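# Observations on chain architecture
Chain by chain, the residues:
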Amino acid sequence: DKTFVSNKNIKNENVQTDTYSEDDFVADSNEQSNNTKDFLSAMFSKNPVFVLMLGLGPALAVTTKLTNGIGLGLIVLITTLLSNITISSLKGFIPAKIRLPFYLTITRSFVSVIIIFVQTFFPDLAKSLGIFLPLTAVNSVILERAEVFSCKKKIVNALINSLGTGIGFMLVLILISFIREFFGTLQLDFSDFGLGIYGFDKVSIFGIPIYEHAKIFVMPAGAFLTLGLLLAIKQAICNCTNKNIEE
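The following refers to the structure shown.

## Observations concerning the overall build of the protein
- When its secondary structure is counted, the protein shows nine helices and four strands.
- Listing the helices and strands of the protein from first to last along the sequence gives α-α-α-α-α-α-α-α-β-β-β-β-α.
- Looking at the protein as a whole, 35% of its 247 residues are labelled buried.
- In the protein, of all internal contacts separated by at least 6 residues, the share reaching a separation of at least 24 is 74%.
- Surface accessibility of the protein: about 14700 Å² in total, with carbon and sulfur atoms responsible for 66%.

## A word on the packing of helix α8 (residues 155-185) against helix α9 (residues 220-246)
- Running from N to C, α8 and α9 point in directions that differ by 125 degrees, and their axes come no closer than 10 Å. When the axis of α8 is compared with that of α9, the two are oblique. As for the relative orientation of α8 and α9, their crossing is right-handed in sense. Of α9, the residues touching α8 (which contributes Leu175, Ile176, Ile179 and Arg180) are Pro220, Gly222, Ala223, Thr226, Leu227 and Leu230.
- Among the residues forming the contact of α8 with α9, the class breakdown is seven nonpolar, two polar and one charged.

## Concerning the side chain of Thr226
- Tracing the chain through its elements places Thr226 in helix α9.
- Side-chain polar atoms of Thr226 contact the backbone oxygen of Gly222, separated by 2.7 Å.
- Among all residues touching Thr226, those that are not within four sequence positions of it are Ile176, Ile179, Arg180 and Phe217.

## Observations regarding the pattern of salt bridges
- A full pass over the atoms with the stated rule returns four salt bridges.
- Among the ionic pairs, Lys65 bridges to Asp189, the shortest N-O distance being 3.7 Å. Residue Lys65 is found in the loop between α3 (56-61) and α4 (66-89), and its partner Asp189 is found in strand β1 (residues 187-189); the two are separated by 124 residues along the sequence.
- Residue class for Asp189 comes out buried when judged on its relative accessible area of 18%.
- Between Asp192 and Lys65 there is a salt bridge whose closest N-O contact spans 3.1 Å.

Criteria and thresholds
- Residues numbered from 1 in each chain as written.
- Predicted model: local features only at pLDDT ≥ 70, side-chain atom pairs only at ≥ 80, totals over all residues.
- Heavy atoms only, no water.
- Helix = DSSP H or I, 4+ residues; strand = E, 2+ residues; numbered from the N terminus.
- Buried < 20%, exposed > 50% of the residue type's maximum accessible area, 1.4 Å probe, protein only.
- Contact = heavy atoms within 4.5 Å.
- Areas by Shrake-Rupley, 256 points an atom, 1.4 Å probe, with all protein chains shown as cover.
- Axes fitted to C-alpha atoms, helices over the stretch in contact; angles between N-to-C directions.
- Parallel < 35°, antiparallel > 145°, perpendicular 65-115°, else oblique.
- Left-handed = near helix turned anticlockwise from the far one by under 90°.
- Nonpolar A, V, L, I, M, F, W, Y, C, P; charged D, E, K, R; others polar.
- Polar contact = N/O pair within 3.5 Å; in protein donor to acceptor, adjacent residues only side chain to side chain.
- Salt bridge = Lys/Arg side-chain N within 4 Å of Asp/Glu carboxyl O.

On their own, these measurements won't tell you what the molecule is for.
Shown next as structure tokens:
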């Protein structure tokens, strides 16, 4: 009888150990909600280009072709993700006085591997990006996330925030490069990725040409023009949204 009672107590203890309270589920739900908010905030409300005004050099210089925007956007996304995860995991071992050189060393290590990969498999893309490919190592978007966020947060939070920041930066580059290349040439050149060139000579309605191309979009001035128009549209949308919320 004593053996039966003791076995029963052991089973009850195991059952109690495996049970979870309602507070545990609430905490998990709140954590998932915060992670989602952090991801969306890094992508939109704290967008590197449209809000923080970071990474404007490559955003203006290399976005003459859509393939450049896609390629550099992916490179910055991967570098941001890997660098900030590494920095977050090593934050307890990084001396405060040399943290910036440490960040640069980590970022440069990943960029060096990416450069070799791009030059091997996408040589045309590497040639199109030019000096801005190795300059990814000192991209302000990556270093800002490392200094402000990743060096103070857990690995999971750094991963989510870096993913949102990288995707937000890549989407802006794709949008700017699409507008500049399409309206500047009426074509989309994917030859850097081993594909063809798609487009047409002019836009016509009932045989009447209404638009050919505006070369200004592929000129340096076109970069500032495109960015300014997009910022104006973004601000107008924010103003309308805030006005509707107040009403």
